[in-house]
Amino acid sequence: PLIGQSITLELSDVGAIESVRIPEEVCDAELISVEMVRNRFLPLLQICPTPEPVALGATWEQRSEEDSGLGFDVVSVTKWTLESATDALATVEVRNEFSTGEVRRDTGITLRESSGSGTARWNLRDGVLEGLESRQAIRMAGSPPGLAGGEVELRVRSRLKIERSVEPWKIEAHQENPDEI
């Protein structure tokens, strides 16, 4: 239900998430919640580690841990590297590594080596993320009780576009069909 759908976030002038709109069919499937969206996108809106300028080639890291809904937390370590900057736009390389965090209950599913990469564009005049394109490969093994076991790889290609619509900022996140990647 998420493929081809858009999720919209509205931001204040200081980058705080004021509202989240998720398509009804996605909410009905209980695949994603407003809180999950807030947790996922807030770090993207605040990627710069300091208010001072960052040198070209500088790398910094963020770490987060979220409930996967599969009985364990997923730890995400994101490395950001400033690739280029003009007066108006900074381009930042993004690399993610995912691993298993706290195991809450044994569901028969485990997270294997998983990673992602992409490019973020930061609007320097307004001090806000302008867009992000990324690809992620999430690998899991095992199965819930009663289903055949094995390994599965989930490939996700995301495009995040942020536009200034009068007020406030509007973010649209769009998931692509993995077969089209």
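From a predicted model like this one, the values you see are computed outputs, not experimental measurements. (Residues numbered from 1 in each chain as written. Predicted model: local features only at pLDDT ≥ 70, side-chain atom pairs only at ≥ 80, totals over all residues. Heavy atoms only, no water.)

**Student:** Would you take a moment to explain the overall build of the protein chain for this structure?
**Tutor:** Assigned secondary structure in the protein chain consists of two helices and 10 strands. Listing every helix and strand of the protein chain by position from the N terminus yields β-β-α-α-β-β-β-β-β-β-β-β. Residue pairs in contact within the protein chain that sit at least 24 positions apart in sequence constitute 48% of those at least 6 positions apart. A total of about 10500 Å² of accessible surface is found on the protein chain, and carbon and sulfur atoms cover 49% of it. (Helix = DSSP H or I, 4+ residues; strand = E, 2+ residues; numbered from the N terminus. Contact = heavy atoms within 4.5 Å. Areas by Shrake-Rupley, 256 points an atom, 1.4 Å probe, with all protein chains shown as cover.)

**Student:** It is not clear to me how the side chain of T107 should be interpreted in this structure. Could you clarify?
**Tutor:** Counting through the fold element by element, T107 comes out in the loop between β5 (89-103) and β6 (109-111). For T107, a relative accessible area of 14% puts it in the buried group. Looking at T107, its side chain comes within polar contact range of the main-chain oxygen of L70, at 2.8 Å. (Buried < 20%, exposed > 50% of the residue type's maximum accessible area, 1.4 Å probe, protein only. Polar contact = N/O pair within 3.5 Å; in protein donor to acceptor, adjacent residues only side chain to side chain.)

**Student:** For this particular structure, what's the right way to read the side chain of T81?
**Tutor:** As for its placement among the helices and strands, T81 is situated in strand β4 (residues 72-85). Relative accessible area serves as the criterion here: at 19%, T81 is assigned to the buried category. Discounting chain neighbours no more than four positions away, the residues touching T81 are G57, A58, T59, T91, V92 and E93.

**Student:** Mind showing me how you'd approach the pairing of strand β8 (residues 128-142) here?
**Tutor:** Sheet topology note: the β6/β8 ladder contains three bridges and is antiparallel. Looking at β8, one finds that T110 is bridged to A141. Here strand β7 (residues 114-123) folds back onto β8, and the loop between the two strands holds four residues, one of which, G127, carries a positive phi near 70 degrees. (Pairing = 2+ DSSP bridges.)

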